[in-house]
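# Examining the three-dimensional arrangement
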Amino acid sequence: MSALSTPRHNDVIIARCLQTISQLIPLSSAVFYRVNKRMTPENYILHNISENTHQQYLDYFQPLDPLLPSRFTHPSITMAGMTPGLYDRYRHYYHGFMLPNNVRDMTEIFIRRDRQIVAGISLMRDTLFSSEERLRAQAVLPLIELAIHELLQDDNALPGMLTAKEREIVSMVREGASNKLIARQLDISLSTVKTHLRNIFAKTEVVNRTELVSRTLMPTGQRPLL
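Residues numbered from 1 in each chain as written. Predicted model: local features only at pLDDT ≥ 70, side-chain atom pairs only at ≥ 80, totals over all residues. Heavy atoms only, no water.

Right, let's talk about the nonpolar core for a bit. The biggest cluster of nonpolar side chains holds 23 residues, and the ones touching the most others in it are Leu67, Met82, Tyr93, Met98 and Met106. When residues of this core are traced back to their parent elements, those giving at least two are β1 (29-35), α2 (51-61), α3 (84-89), α4 (91-98), β4 (105-113) and β5 (116-125). Ranked by residue count, the leading element in this core is α4, at four residues. Residues Ile21, Ile111, Ala119 and Ile148 belong to the second largest nonpolar core, which totals 21 residues. (Core = buried A, V, L, I, M, F, W, Y, C linked by side-chain atoms within 4.5 Å. Buried < 20%, exposed > 50% of the residue type's maximum accessible area, 1.4 Å probe, protein only. Helix = DSSP H or I, 4+ residues; strand = E, 2+ residues; numbered from the N terminus.)

One can describe the packing of α2 onto helix α8 (residues 190-204) by two numbers: an axis separation of 10 Å at closest approach and a directional angle of 65°. The crossing of α2 and α8 is left-handed. Across the interface between the two elements, Glu51, Asn52, Gln55 and Asp59 from α2 touch Ser191, Thr192, Thr195 and His196 from α8. (Axes fitted to C-alpha atoms, helices over the stretch in contact; angles between N-to-C directions. Left-handed = near helix turned anticlockwise from the far one by under 90°. Contact = heavy atoms within 4.5 Å.)

On to the confidence of the model for the chain. Within the chain, residue pLDDT values average 84, and 85% of them lie at 70 or more. A low-confidence stretch, residues 154-159 stays under pLDDT 50, and its non-local contacts, those more than four residues away or across chains, total nine contacts. Ignoring residues within four places in sequence, the model shows residues 218-226, a span with pLDDT below 50, making 13 contacts including any to other chains. (pLDDT = per-residue confidence, 0-100.)

Attention now moves to unusual backbone geometry. In this structure, asparagine 43 takes a positive phi of about 55° despite not being glycine. Mapping asparagine 43 onto the fold places it in strand β2 (residues 41-47).

What follows concerns the packing of aromatic side chains. Here a ring pair, both rings aromatic, is described through the centre-centre distance and the interplanar angle of the planes. As enumerated under the stated definition, the model contains seven aromatic pairs in all. Taking 6.1 Å as the distance between ring centres and 50° as the angle between the ring planes, the aromatic pair formed by tyrosine 33 and tyrosine 44 counts as tilted. With tyrosine 33 in strand β1 and tyrosine 44 in strand β2, this pair connects stretches of sequence that are eleven residues apart. Linked through ring pairs, Tyr57, Phe61, Tyr93 and Phe97 together constitute an aromatic cluster. (Phe/Tyr/Trp six-rings, centres within 6.5 Å; stacked < 30°, edge-to-face > 60°.)

Sheet architecture is open: five strands sit in the order β2-β1-β5-β4-β3, paired in antiparallel fashion. The outermost strands of the open sheet, each flanked by one partner alone, are β2 and β3 (79-81). Within the sheet, the average angular offset between the axes of one strand and its neighbour, ignoring direction, is 20°. Here β4 pairs with β5 via nine bridges, running antiparallel. Note that in β5 the partner of isoleucine 111 across the bridge is alanine 119. (Pairing = 2+ DSSP bridges.)

For the coordinates displayed, the defined rule picks out four salt bridges. Arginine 125 serves as the salt-bridge partner of glutamate 133, at 3.1 Å between the closest nitrogen and oxygen. For the pair shown, glutamate 133 and arginine 125 are each scored as buried. Where glutamate 132 meets arginine 136, a salt bridge forms, and the shortest distance between an N and an O atom there is 3.1 Å. Taken as a pair, glutamate 132 and arginine 136 lie in helix α5 (residues 131-152) at a separation of four residues, close to a single helical turn. (Salt bridge = Lys/Arg side-chain N within 4 Å of Asp/Glu carboxyl O.)

In structure tokens form, the structure reads like this:
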């Protein structure tokens with residue numbers, strides 16, 4: 001695989017996409033994610049949002065998120081935003097997660113392949129998005145899709161691909177680092193470390209740290225691609 005298709009390089013390109021969007025449409029924060037076949041977001045890349053805030057979302061508020069991809073399966077939907085009805089219907093999400101984190105409005109961009117959502121971008125603001133700004137986001141969507149589709153071409157060949165953060169954690173596990181040490185050195189919570197490890201185990205099809213170390217230390221021609 002060439003250097004241009006490595007996970008770290010892909011993460012950088014996606015981060016630049018988020019920065020470009022934030023220059024066109026002023027944002028408080030943004031999150032890119034891939035969507036698996038179960039319509040579940042994964043492999044997040046964060047822009048101007050802390051790991052701890054994101055972990056709080058995953059642990060407690062994700063099921064309440066009104067803009068989850070699984071709620072927008074119709075192939076014609078490429079963008080969704082908060083509406084007065086959603087604010088009322090999902091008031092626990094709005095008052096429990098959005099307002100405490102200074103988020104007053106959200107717009108979701110859905111990236112599709114063969115009519116199925118394969119990735120998404122959450123755009124968040126401390127003020128409401130205007131109609132003009134939503135139209136601007138809609139206008140740049142084809143360019144975003146083009147850039148991200150190129151990166152997603154490797155997905156079928158690399159179903160267990162790890163993110164840059166996950167690779168870093170694998171390296172630390174191989175060196176014998178405990179969860180507490182990993183959390184301290186990466187400046188993330190212990191809960192976040194455990195979530196990363198669960199994702200790593202699922203992708204590499206192992207059940208524990210010992211098997212993970214054994215699998216990743218196999219000769220290059222025999223071990224699974226990470």
